[in-house]
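# Architecture at a glance
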Amino acid sequence: MSDQGEQLAWRETYFVMFSSSDRPTLAQVEAAISESSNRLSVSNLEANDDGLFASAVVQAPEDNAAMEISYESGELVIEQSGELAKQLRKQLDGDQLAQLVRADARLDVMHFERLAEGASDYGFGDEEDEESLLDEALDPASLITVVDALARLTGGIAFDPASGDIMA
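The structure displayed is predicted, hence computed values, not measured ones.

## Brief notes about the overall build of the protein
- Within the protein, the regular secondary structure consists of five helices and seven strands.
- The N-to-C order of helical and strand elements in the protein reads β-α-β-β-β-α-α-β-α-α-β-β.
- Expressed as a percentage of its 168 residues, the buried residues of the protein come to 39%.
- Partitioning the contacts of the protein with sequence separation of at least 6, the portion at a separation of at least 24 is 72%.
- Element-wise, carbon and sulfur atoms account for 45% of the exposed surface of the protein, whose accessible area totals about 9,300 Å².

## Some remarks on unusual backbone geometry
- Although it is not a glycine, Asn44 adopts a positive phi angle of roughly 50°.
- In this model, Asn64 sits at a positive phi of 55°, which is unusual for a non-glycine residue.
- Considering the arrangement of structural elements, one finds Asn64 in the loop between β3 (53-60) and β4 (65-73).

## Re the nonpolar core
- If you look at the biggest cluster of nonpolar residues, it comprises 25 residues, and the most contacted ones within it are Ile33, Ile69, Val146 and Leu150.
- Contributing elements (two or more residues each) for this core: β1 (7-18), α1 (26-36), β3, β4, β5 (105-115) and α5 (141-154).
- A per-element tally of this core places α5 first, with five residues.
- Residues contacting Ile33, with those up to four places away along its chain left out, are Leu40, Val42, Val58, Ile69, Val146 and Leu150.
- Counting residues in hydrophobic clusters, the runner-up holds 11 residues, among them Phe15, Ala103, Ile157 and Phe159.

## What to know about the packing of helix α2 (residues 75-88) against helix α3 (residues 94-102)
- Packing of α2 against α3 brings their axes to within 7 Å, and their N-to-C directions diverge by 155°. Viewed along their axes, α2 and α3 adopt a mutual orientation that is roughly antiparallel. The handedness of the crossing between α2 and α3 is left-handed. Facing α2, whose interface residues are Ser81, Leu84, Ala85 and Leu88, α3 presents Leu97, Leu100 and Val101.

## Here we look at the packing of aromatic side chains
- Enumeration over the complete set of coordinates arrives at one aromatic pair.
- With a centroid separation of 6.2 Å and 50° between ring planes, the pair formed by Phe18 and Tyr71 is classed as tilted. Here Phe18, found in strand β1, pairs with Tyr71, found in strand β4; they are 53 residues apart in sequence, far enough to count as distant. The burial state of Phe18 is the same as that of Tyr71; both residues are buried.
- Sitting over the ring of Tyr71, Arg23 keeps its end group 3.6 Å from the ring centre.
- Across from the ring centre of Phe15, 4.4 Å away, lies the NZ or CZ of Arg106, which sits over that ring.

## A word on the packing of α1 against α5
- α5 packs onto α1 with a crossing angle of 135° between their chain directions and a minimal axis gap of 9 Å. The angle between the axes of α1 and α5 places the two elements in the oblique class. Taken as a pair, α1 and α5 cross one another with a handedness that is right-handed. Across the interface between the two elements, Gln28, Val29, Ala32, Ile33 and Ser36 from α1 touch Thr145, Val146, Ala149, Leu150 and Leu153 from α5.
- In terms of residue class, the contact of α1 with α5 is made up of seven nonpolar, three polar and no charged.

What counts, and where the lines are drawn
- Residues numbered from 1 in each chain as written.
- Predicted model: local features only at pLDDT ≥ 70, side-chain atom pairs only at ≥ 80, totals over all residues.
- Heavy atoms only, no water.
- Helix = DSSP H or I, 4+ residues; strand = E, 2+ residues; numbered from the N terminus.
- Buried < 20%, exposed > 50% of the residue type's maximum accessible area, 1.4 Å probe, protein only.
- Contact = heavy atoms within 4.5 Å.
- Areas by Shrake-Rupley, 256 points an atom, 1.4 Å probe, with all protein chains shown as cover.
- Core = buried A, V, L, I, M, F, W, Y, C linked by side-chain atoms within 4.5 Å.
- Axes fitted to C-alpha atoms, helices over the stretch in contact; angles between N-to-C directions.
- Parallel < 35°, antiparallel > 145°, perpendicular 65-115°, else oblique.
- Left-handed = near helix turned anticlockwise from the far one by under 90°.
- Phe/Tyr/Trp six-rings, centres within 6.5 Å; stacked < 30°, edge-to-face > 60°.
- Lys NZ or Arg CZ within 6 Å of the ring centre and 35° of its normal.
- Nonpolar A, V, L, I, M, F, W, Y, C, P; charged D, E, K, R; others polar.

If you want it as structure tokens, here you go:
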């Protein structure tokens, strides 16, 4: 997923929980992401034999970010959505709760930070000045844009498992 001379460091993963009957096609996912921002490019697109979305890579060079998106379904997703519904029942309205209970599929959006050549996962070289560090900082805007576009496309609920928050 990375170019020569650059490293990617995983930062977080968001989930978009939805019903497998609303699984989008590859073309729909590509269009939704491309239309959400002209700063994003979609590549490595993969679909199943029916043309339904399987996975893709989204590059966001201006945000020093890349995302890998993959489709998941089955018992583990059903179990996870049930657990989430129990945990979040006081925070969600009735429609959101019912939607989460019905969710048997999800899109995993793994967010990666681009690290400059020679940069470590724990910081940049000692000689970098503050301005260049700011220029190379990871901007979460592309992640939010992609997750929002996927949630709208699938009619799903976007969830940040690290914080336990639903994205509104």
